[in-house]
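The primary structure of each chain is shown beneath.
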Amino acid sequence: MIIKILGSGCANCKKLEENAKKAVAELGIEANFEKVTDYKDIVSYGVMRTPALVVDEVLKASGSVLSVEDIKKYL
Amino acid sequence: MSVFINSWFNDQILKMDWLSELIKLLVEKVFKLSVEDKVGAGVHFFIYDTIKIIILLSIMIFMISYIRSYFPPEKTKVMLEKVKGIRGNILGALLGVVTPFCSCSSVPIFIGFVSSGVNLGATFSFLIASPIINEAAFILLLSKFGWKVTLIYVIAGLLIGIIGGYIIDKFHLEKYVESFVYDIDAKETIVPDMSQKQRFHFASTETKSIFKRVYLWILIGIGIGAFMHGWLPDDYLVKVAGPENPLAVIIATIMAVPLYSNALSTLPLAEVLVDKGMAIGTSMSFVMATTALSLPEMMLLRRVIKSKLIWIFIVITTIGIIFMGYLFNVLELYNLI
C-alpha cells in the first residue's frame, strides 16, 4: 500500500502524516509513505485544500487533518 | 419598539452589558478595586473581554462554519467558471467570504481556479475579499461596534475585492501568472455531499482549529488593551490619530500592513483606541490592514504569480483599505454610524 500526504509541508500536513503512521501501526499493515509537495502534483489529484490523503492513487480526503480513527476507515 | 429591541440586542447580546455589570461586581466586591481606577478598569476590561470573546467566538464560528460546509472551494470553482465580467468579480468576492480555506491552501486554490478557466479577475476578487472579511474579525467587530459598523465593514471588504479583481481583469495581467499554471491539467474532483452529521462535525472541528489558531493573539490584544485603558493618555492619541488628522488613516494602514501575524489581537485594541478618541475609520483601516495582507501568504503566492502582480495586489488592497477608512470617518462625522 502506498500512502501519499499532499501538502506544502505546513503544520497540518505533518500532523496528518503522523496520524496516518499511527493508523498504519495500529492496524498492523505494511505501507510506504510518500510526501507530495509540488503544487503541480498536488493539483493533478484534483486537490484544492491541503493537507490531503491519497491511498493507492485514490484521493480519500482533503482539507482537514483526519484523526487516526478516520484514517483507519480509509486503509 | 424596534429601536428598543435593536439597541437591546446590540447591548445585551453582542456587547454583553450584563456580563460587564457582573464583572464590575466581581472587581469591586471581591478584588476591592474601583472600576474608575486605572488598575480596576484594566482588570475589568481583561476579564470581561476575555469571557465575552470566548463565548462569541465559540458560538458564532460554529454557526459560520456550518454555513461554510455548503461552500467547499471545489464547488466555488464550478460556480465561478460559469460567470464572466463584473458579475464574476461580484460572485468571486461573495464566495471569498463564505468559502473556508487556510492560507496554506491559497496556492492550490489559485491553481485550481485559474487552470480550469476561472477568470483571473474573479480569482483575485476571491483572494482579496476572503482574508479581509475574516470570521473572527467579523465577530469581534459585531461585539464591539454593533451591527451597523460590521455591515459597512463587510460591504467595504466586498467592494475592495470586487474593484480590485475588476482592475486586474481590465489590465489583462495574465502574463504575470507563472506560465506553468496554465499548463496544469487539474483533475475535476467530485465533492461528496455531506450529511447533517458531517456538517456538524465539520463545524465543530473548524471552530476548534480556528480557536486554537487565534486565542493567544486575542489574549495578547486584550492584555495590551487592558493596559492602555489605564495608561494611554487620551489627548495624545486624539491629536495623533483623532478625527482632526487627515493623514491618520493612511498612517494607520501603512503601519498595520507589516503587523500581519497577530491580526486578531488588533481588534480588542481598536475598541480601546476608539474609546480614547481615535476615529472609527482609522481603527477599521488598522484592523483590516492587519488581516488582509499576510506576508506568508504573499510568499506562497509568489510560487504561482510573478512579483509584479503581487505588488499590484498589495497596492490595490492597501488603497482600498485607506479609502474605506475615510468612508467610515466621513460617516462617523455625519453621525451615520
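Bear in mind that the values here come from a model prediction, so they are computed numbers and not experimental data. (Residues numbered from 1 in each chain as written. Chains lettered and ligands numbered in written order. Predicted model: local features only at pLDDT ≥ 70, side-chain atom pairs only at ≥ 80, totals over all residues. Heavy atoms only, no water.)

Explain the interface of chain A and chain B residue by residue, including any values.
Contacts between chain A and chain B engage 15 residues on the former and 21 residues on the latter. Roughly 1,600 Å² of surface becomes buried between chain A and chain B when both sides are summed, with 65% attributable to carbon and sulfur atoms. The three residues of chain A that bury the most area against chain B are Tyr39(A), Met48(A) and Arg49(A), which together make up 49% of that side's buried surface. Across the chain A-chain B interface, the total number found is one salt bridge. With a shortest N-O distance of 3.2 Å, Glu74(B) and Arg49(A) are connected by a salt bridge. (Contact = heavy atoms within 4.5 Å. Buried area = accessible area lost by both parts, 1.4 Å probe. Salt bridge = Lys/Arg side-chain N within 4 Å of Asp/Glu carboxyl O.)

Explain the packing of aromatic side chains residue by residue, including any values.
Residue and element names in this part refer to chain B. Per the counting criterion, the structure on display carries six aromatic pairs over all chains. For the ring pair tyrosine 66 and phenylalanine 200, a centre distance of 5.2 Å and an interplane angle of 35° mean the geometry is tilted. You can see tyrosine 66 sitting in helix α3 (residues 38-68) and its partner phenylalanine 200 sitting in helix α10 (residues 196-231), a full 134 residues away along the chain. Judged by its relative accessible area of 22%, tyrosine 66 falls in the partly exposed class. Ring geometry for phenylalanine 110 versus phenylalanine 124: centroids 6.1 Å apart, planes at 75°, classification edge-to-face. Taken as a pair, phenylalanine 110 in helix α6 (residues 106-115) and phenylalanine 124 in helix α7 (residues 120-132) lie far apart in primary sequence, 14 residues in all. Its relative accessible area of 0% is what places phenylalanine 124 among the buried residues. Chaining the aromatic ring pairs together yields one cluster made of Phe62, Tyr66, Tyr70 and Phe200. (Phe/Tyr/Trp six-rings, centres within 6.5 Å; stacked < 30°, edge-to-face > 60°. Helix = DSSP H or I, 4+ residues; strand = E, 2+ residues; numbered from the N terminus. Buried < 20%, exposed > 50% of the residue type's maximum accessible area, 1.4 Å probe, protein only.)

Residue-level account of helix α5 (residues 85-98) of chain B, with values.
All names here are of chain B. Here α5 spans 21 Å end to end across 14 residues, near enough to the 20 Å set by a 1.5 Å rise per residue. Every buried residue of α5 is listed here: Gly88, Asn89, Gly92, Ala93, Leu95, Gly96 and Val97. Buried residues along α5 sit in contact with α3, α4 (73-81), α7 and α8 (135-170). (Expected span 1.5 Å × (residues − 1).)

Which residues make up the sheet that holds strand β2 (residues 32-36) of chain A, and what are the values?
All names here are of chain A. Strand order in the open sheet formed by four strands is β2-β1-β3-β4, and the pairing between neighbours is mixed. The sheet terminates laterally at β2 and β4 (58-62), the two strands that pair on one side only. Pairwise comparison of adjacent strand axes, ignoring direction, gives a mean angle of 20° for this sheet. Relative to strand β3 (residues 52-55), strand β1 (residues 2-6) runs antiparallel, the two being bridged by four bridges. Considered in β3, the bridge of leucine 6 is made with alanine 52. (Pairing = 2+ DSSP bridges. Axes fitted to C-alpha atoms, helices over the stretch in contact; angles between N-to-C directions.)

Before we move on, could you go through the pairing of β1(A) and cite the residues and values that matter?
Looking down a regular strand, the side chains alternate between one sheet face and the other. All names here are of chain A. A large share of β1 lies buried, amounting to four of its five residues. Alignment of β1 against β2, held across five bridges, turns out to be parallel. Bridging across to β2, isoleucine 5 finds its partner in lysine 35. The handedness of the β1 to β2 crossover, carried by helix α1 (residues 11-27), is right-handed. (Right-handed = clockwise from strand over helix to strand, strands pointing away.)

Pulling in residues and values, what's your account of the nonpolar core?
With 104 residues, the main nonpolar core has Phe110(B), Leu120(B), Met284(B), Leu301(B) and Leu309(B) as its most contacted residues. The dominant element in this core, judged by the number of residues it contributes, is α8(B), at 16 residues. With sequence-adjacent residues up to four places away left out, Leu120(B) is seen in contact with Phe110(B), Val114(B), Ile168(B), Leu173(B), Glu174(B), Val177(B) and Leu309(B). Counting residues in each nonpolar core, the second largest holds 12 residues, with Leu16(A), Ala61(A), Val68(A) and Ile71(A) among its members. (Core = buried A, V, L, I, M, F, W, Y, C linked by side-chain atoms within 4.5 Å.)

Account for the side chain of Ser106(B), with residues named and values stated.
All names here are of chain B. Following the sequence through the fold, serine 106 ends up in helix α6. Judged by its relative accessible area of 0%, serine 106 is buried. Excluding its chain neighbours within four sequence positions, the residues that come into contact with serine 106 are Phe101, Glu297, Leu300 and Leu301.

Could you give me a rundown of the confidence of the model for chain A, with the residues and numbers involved?
For chain A, the average pLDDT comes to 87, and 100% of its residues sit at 70 or higher. At the low end of the mean pLDDT range in chain A sits helix α2 (residues 39-44) of chain A, at 82; at the high end sits β1(A), at 92. (pLDDT = per-residue confidence, 0-100.)

Describe the packing of α4(B) against α6(B), naming the residues involved and giving the relevant values.
Residue and element names in this part refer to chain B. Orientation of α4 relative to α6, taken along the N-to-C sense of each, is 30°, at an axis distance of 10 Å. In terms of axis orientation, α4 runs roughly parallel to α6. With respect to the hand of their crossing, α4 and α6 are arranged in right-handed fashion. On the side of α4, the interface is formed by Pro73, Thr76, Lys77 and Leu80, while α6 contributes Ile109, Gly112 and Phe113. Taken together, the residues that form the contact of α4 with α6 break down as four nonpolar, two polar and one charged. (Parallel < 35°, antiparallel > 145°, perpendicular 65-115°, else oblique. Left-handed = near helix turned anticlockwise from the far one by under 90°. Nonpolar A, V, L, I, M, F, W, Y, C, P; charged D, E, K, R; others polar.)

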